[in-house]
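# What the coordinates show
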Amino acid sequence: MAVYTEVSDAALAEFLAAYDIGTLLSCKGIAEGVENSNYFLHTTGGSFILTLYEKRVREEDLPFFVGLMEHLARNGLACPQPIRDRSGTALGRLCGRPAALVSFLEGVSLSAPGPEHCREVGIALARLHAAGRDFPMVRANALSVESWRPLFAQAGGQADSVSPGLTERTLDDLAVLEGHWPKGLPGGVIHADLFTDNVFFIGDDLSGLIDFYFACTDAFAYDLAICLNAWCFDAEGTFHRDMATAMIAGYESQRPLEAAEVEALPILCRGAALRFMLTRLVDWLNVPPGALVKPKDPREYDRRLTFHRQARSAADYGRAA
């Protein structure tokens, strides 16, 4: 369960007293996610998500996330809406942590998505990029290529204890990616974490996107590369070309990729895989004592990297020429 900070009944009651959301009926921790502490609240006024921001989320970035969710919703994207208290404030403090309430979205995340779901994700991702084009705030990607070597250092030389040879493989990847990372690609607001548990469906229809707390300003094609990694491989590292083809086709039905983006897709996919392998590796080795959280296995992304290292063009990812 992704709960790093336990909230007492008294602390929760004091926090909620500032909101017009009715009487609390139930509160429970949410199992998904590994970055923040999340609780599902049910009140006489509806259902809400309470998030206490931990770890990699900087407090000074929270106005960006709040403003972005409000902006995207105004532009037609189905995403959570921050709940403001009686004073009009969307951000508070709870148990010494920055905290916020957001609206609850109906739907379920998929454990076994198919190509038709991947196409819907591609469409939604392109629409997110379009909806965020005139968002006035900027947030640099704190987990882009220049952060990966320092992040690897946080593993403290223990990478090979997780998977034999992981240190050498990672150092080789870092050298390639640092030397060839593309610049000047079309960009703007990206989600940067659109995994299967951050997309809701009702039946086969995509009903909403959640968890915007890695959103930042970066290349659109990098966001697509993150999604290809998250949706189009299984846990054993097998690439499902039909799912990738559907996702890219869905994306390009809304926003065709430019030639430079198509050319850069293999390096972007390799970089996206390394980024998530590294954060998972650090989390795997540094679970806080007493935290109710199950860290995600970095070896899943180590296996994906085996595929990315041999990819030479976007055609290897199912993108039609």
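Below: a short report on this structure. The written sequence of each chain sets the order in which its residues are numbered from 1. Given that this is a predicted model, residues contribute local features only at a pLDDT of at least 70 and side-chain atom pairs are listed and counted only at 80 or more, while totals for whole chains, interfaces and linings are drawn from all residues. Values shown for side chains rest on all heavy atoms present in the structure; no hydrogens or waters enter the calculation.

Any carboxyl oxygen of Asp or Glu within 4 Å of a side-chain nitrogen of Lys or Arg constitutes a salt bridge here. The tally for this structure, following the rule as stated, stands at 17 salt bridges. Salt-bridge contacts for Arg-93 lead to Glu-59; the nearest nitrogen and oxygen are separated by 2.7 Å. Of this pair, Arg-93 sits in strand E4 (residues 92–94) while Glu-59 sits in the loop between strand E3 (46–52) and helix H2 (62–74); the two residues are 34 residues apart in sequence, bridging distant segments of the chain. Relative accessibility under 20% of the residue-type maximum defines a buried residue, over 50% an exposed one, and the middle range a partly exposed one, all with a 1.4 Å probe and only protein chains included. Using a relative accessible area of 47% as the deciding quantity, one classes Arg-93 as partly exposed. In this structure, Glu-252 and Arg-319 form a salt bridge, with 3.0 Å as the shortest nitrogen-oxygen distance. Of this pair, Glu-252 sits in helix H8 (residues 241–254) while Arg-319 is found in the segment after helix H10 (299–310), placing the two residues 67 residues apart along the sequence. Through salt bridges that share partners, Arg-58, Glu-60, Asp-61 and Arg-139 make up one connected network. In this description a helix means any DSSP run of H or I spanning at least four residues, a strand means any run of E spanning at least two, and both kinds are numbered starting from the N terminus.

In an α-helix there are 3.6 residues to a turn, and that puts residues three or four apart on one side. When we look at burial in helix H1 (residues 9–16), the residues that qualify are Leu-12, Phe-15 and Leu-16. All buried residues of H1 fall inside an arc of 90 degrees around its axis, so they share one side. Away from its buried face, by an angle of more than 90 degrees, H1 presents the exposed residues Ala-10 and Glu-14. Between two residues, a contact is recorded if the distance between any of their heavy atoms is within 4.5 Å. Check the buried side of H1 and you find it contacts strand E1 (24–29), strand E2 (37–43), E3, E4 and strand E5 (97–103). Our arc is simply the arc of the directions from the helix axis toward the C-beta atoms.

So, about the nonpolar core. Definition used in this section: a nonpolar core is a set of buried Ala, Val, Leu, Ile, Met, Phe, Trp, Tyr and Cys residues joined via side-chain atoms within 4.5 Å. Counting 90 residues, the largest nonpolar core has Phe-212 and Trp-231 as its most contacted members. At 14 residues, the largest contribution of residues to this core is made by helix H9 (residues 259–285). Not counting residues up to four positions away in its chain, the partners in contact with Trp-231 are Pro-113, Cys-118, Val-121, Leu-194, Phe-195, Thr-196, Val-199, Phe-201, Met-243 and Met-247. In this structure, Tyr-19, Ile-21, Ile-83 and Leu-94 belong to the second largest nonpolar core, which totals 15 residues.

In this section: the sheet that holds E3. Within the open sheet, the five strands sit side by side as E1-E2-E3-E5-E4. Their pairing is antiparallel. Sheet topology places E1 and E4 at the edges, where each strand pairs with a single neighbour. Going from strand to strand, the sheet's axes swing by 35 degrees on average, the running direction of each strand aside. As a rule, the C-alpha atoms of each element are fitted with a line to give its axis, helices using only the stretch in contact, and angles between N-to-C directions run from 0 to 180 degrees. Packing of H1 onto the sheet brings it into contact with E1, E2, E3, E4 and E5, and relative to E4 it is tilted by some 170 degrees. Think of it this way: DSSP has to see at least two bridges between two strands before they count as a pair.

Centres within 6.5 Å make a pair out of two Phe, Tyr or Trp rings, where for Trp the six-membered ring is used; the pair is then stacked when the planes are under 30 degrees apart, edge-to-face when over 60, and tilted otherwise. Taken as a whole and judged by the stated rule, the model has 16 aromatic pairs. Note on Phe-40 and Phe-104: the rings are 5.2 Å apart at their centroids and 65 degrees apart in plane angle, and the pair reads as edge-to-face. Residue Phe-40 is found in strand E2, and its partner Phe-104 is found in the loop between E5 and helix H3 (115–131); the two are separated by 64 residues along the sequence. A relative accessible area of 31% places Phe-104 in the partly exposed class.

In this section: the packing of helix H6 (residues 166–180) against H9. At a minimum axis separation of 10 Å, H6 and H9 run at an interaxial angle of 135 degrees. As judged from the angle between their axes, H6 and H9 are oblique. Between H6 and H9 lies a crossing whose hand is left-handed. Contact with H6, carried on its side by Leu-166, Thr-170, Asp-172, Asp-173, Leu-174, Val-176, Leu-177 and His-180, involves Ile-267, Arg-270, Gly-271, Leu-274, Met-277, Leu-278 and Leu-281 of H9 and no other residues of that element. Note on residue classes: Ala, Val, Leu, Ile, Met, Phe, Trp, Tyr, Cys and Pro are nonpolar, Asp, Glu, Lys and Arg are charged, and everything else, Gly too, is polar. Grouping the amino acids of the contact of H6 with H9 by side-chain chemistry returns nine nonpolar, three polar and three charged. With respect to orientation, any angle under 35 degrees is reported as roughly parallel, any angle over 145 as roughly antiparallel, any angle of 65 to 115 as roughly perpendicular, and every other angle as oblique. Crossing chirality is assigned from the near helix's rotation relative to the far helix, an anticlockwise turn below a right angle marking it left-handed and a clockwise turn marking it right-handed.

The next thing to look at is the side chain of Arg-270. Within the secondary structure, Arg-270 is located in helix H9. Not counting residues within four places of it along the chain, the set of residues in contact with Arg-270 comprises Asp-172, Asp-173, Val-176, Leu-177, Leu-305, His-308 and Arg-309.

Read these as spatial facts, not as claims about activity.
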